[in-house]
Amino acid sequence: MMTKDELLKRAKKHFKLATEADAQQRQREREDLRFQVAEHQWDEDAKAQRRGGTLGAQTIPPRPMLSISLLHQPRQLVYNQAASARLGVEIHPVSEDADKELAEVKQGLYRRIERDSQAHQARSWAFDRAAKCGRGAYRIITKYDDYGGDPLDQVICIERILHQENVYFDPAAEKPDFSDGEF
């Protein structure tokens, strides 16, 4: 069993490793998110020229700064495909000893978890960020059940992560969804 100090030291080490390995990707994500805002598509020199002003004795009139999103329409096509995909988990018996009825019961339990925690909202939130800048995340956690018969009863919840830029993945993970990450 690790002491609190040892655990904190280990967490700091893992955080440093993740931030260093991911720094360039995070910078690209910030730039991509910033580019989604039309006003940020103009650099400062172009904005200054468009504002107008005086150049010596000459008065330069202001000019409009039009920003037309070239990303909105293709991104909307991707959103529509995702909305119609109805993503979810299907549980099937895979071994000879597996029971089909038990798989159906587990499927029902999982559907209830998705319904009660509004999993589609968490997935949509993560998908929106992934479509805009390459990565999105949501979390699966347990919470104490206020309506359970025992004060230690817990329920599984699927939740969105509001500030997804605060999610750090294990850089040693090899799977595309980081499911094999150790921290």
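Placed above this text is the structure.
Reading the values: the criteria
- Residues numbered from 1 in each chain as written.
- Predicted model: local features only at pLDDT ≥ 70, side-chain atom pairs only at ≥ 80, totals over all residues.
- Heavy atoms only, no water.
- Helix = DSSP H or I, 4+ residues; strand = E, 2+ residues; numbered from the N terminus.
- Buried < 20%, exposed > 50% of the residue type's maximum accessible area, 1.4 Å probe, protein only.
- Lys, Arg positive; Asp, Glu negative; His and termini not counted.
- Salt bridge = Lys/Arg side-chain N within 4 Å of Asp/Glu carboxyl O.
- Polar contact = N/O pair within 3.5 Å; in protein donor to acceptor, adjacent residues only side chain to side chain.
- Contact = heavy atoms within 4.5 Å.
- Expected span 1.5 Å × (residues − 1).
- Arc of directions from axis to C-beta.
- Phe/Tyr/Trp six-rings, centres within 6.5 Å; stacked < 30°, edge-to-face > 60°.
- Lys NZ or Arg CZ within 6 Å of the ring centre and 35° of its normal.
- Axes fitted to C-alpha atoms, helices over the stretch in contact; angles between N-to-C directions.
- Parallel < 35°, antiparallel > 145°, perpendicular 65-115°, else oblique.
- Left-handed = near helix turned anticlockwise from the far one by under 90°.
- Nonpolar A, V, L, I, M, F, W, Y, C, P; charged D, E, K, R; others polar.

Caption draft 1: Local environment of the side chain of Asp170. Tracing the chain through its elements places Asp170 in the segment after strand 4 (154-160). Among buried Asp, Glu, Lys and Arg side chains, Asp170 stands out as unpaired, with Arg10 the closest opposite charge at 9.0 Å. One polar contact links the side chain of Asp170 to the main-chain amide nitrogen of Glu182, over a distance of 2.8 Å. Beyond its immediate sequence surroundings of up to four residues, Asp170 is in contact with Phe178, Gly181, Glu182 and Phe183.

Caption draft 2: Local environment of helix 5 (residues 119-133). End to end, helix 5 covers 21 Å across 15 residues, agreeing with the expected 21 Å (1.5 Å per residue, within 8%). All of the buried residues along helix 5 are Ala119, Ala122, Arg123, Ala126, Arg129 and Cys133. Considered in projection along helix 5, the buried side chains sweep an arc of 130° and stay on one side of the axis. Of the surrounding secondary structure, the elements contacted by the buried residues of helix 5 are helix 1 (4-35), helix 4 (100-116), strand 3 (138-144) and strand 4. Gly134 lies just past helix 5 and shows a positive phi near 105°.

Caption draft 3: Layout of the packing of aromatic side chains. For the coordinates displayed, the defined rule picks out three aromatic pairs. Pairing Phe15 with Tyr168 gives two aromatic rings, centres 4.8 Å apart and planes at 75°, and the pair type is edge-to-face. Within this pair, whereas Phe15 is found in helix 1, its partner Tyr168 is found in the segment after strand 4, the two being separated by 153 residues in sequence. Relative accessible area serves as the criterion here: at 30%, Tyr168 is assigned to the partly exposed category. Taking the centre distance of 4.2 Å and the plane angle of 15° together, the rings of Phe169 and Phe178 count as stacked. On the basis of relative accessibility, which here comes to 27%, the residue Phe178 falls in the partly exposed class. The lysine or arginine in question, Arg160, covers the ring of Trp125, its NZ or CZ lying 4.1 Å from the ring centre.

Caption draft 4: Spatial organisation of the packing of helix 3 (residues 72-85) against helix 5. In the contact formed by helix 3 and helix 5, the axes pass within 11 Å of each other and the chain directions differ by 150°. Considering their axes alone, helix 3 and helix 5 lie roughly antiparallel with respect to each other. In the crossing of helix 3 with helix 5, the sense of the turn from one axis to the other is right-handed. On helix 5, the residues touching Arg75, Val78, Tyr79 and Ala82 of helix 3 are Phe127, Asp128, Ala131 and Lys132. Taken together, the residues that form the contact of helix 3 with helix 5 break down as five nonpolar, no polar and three charged.

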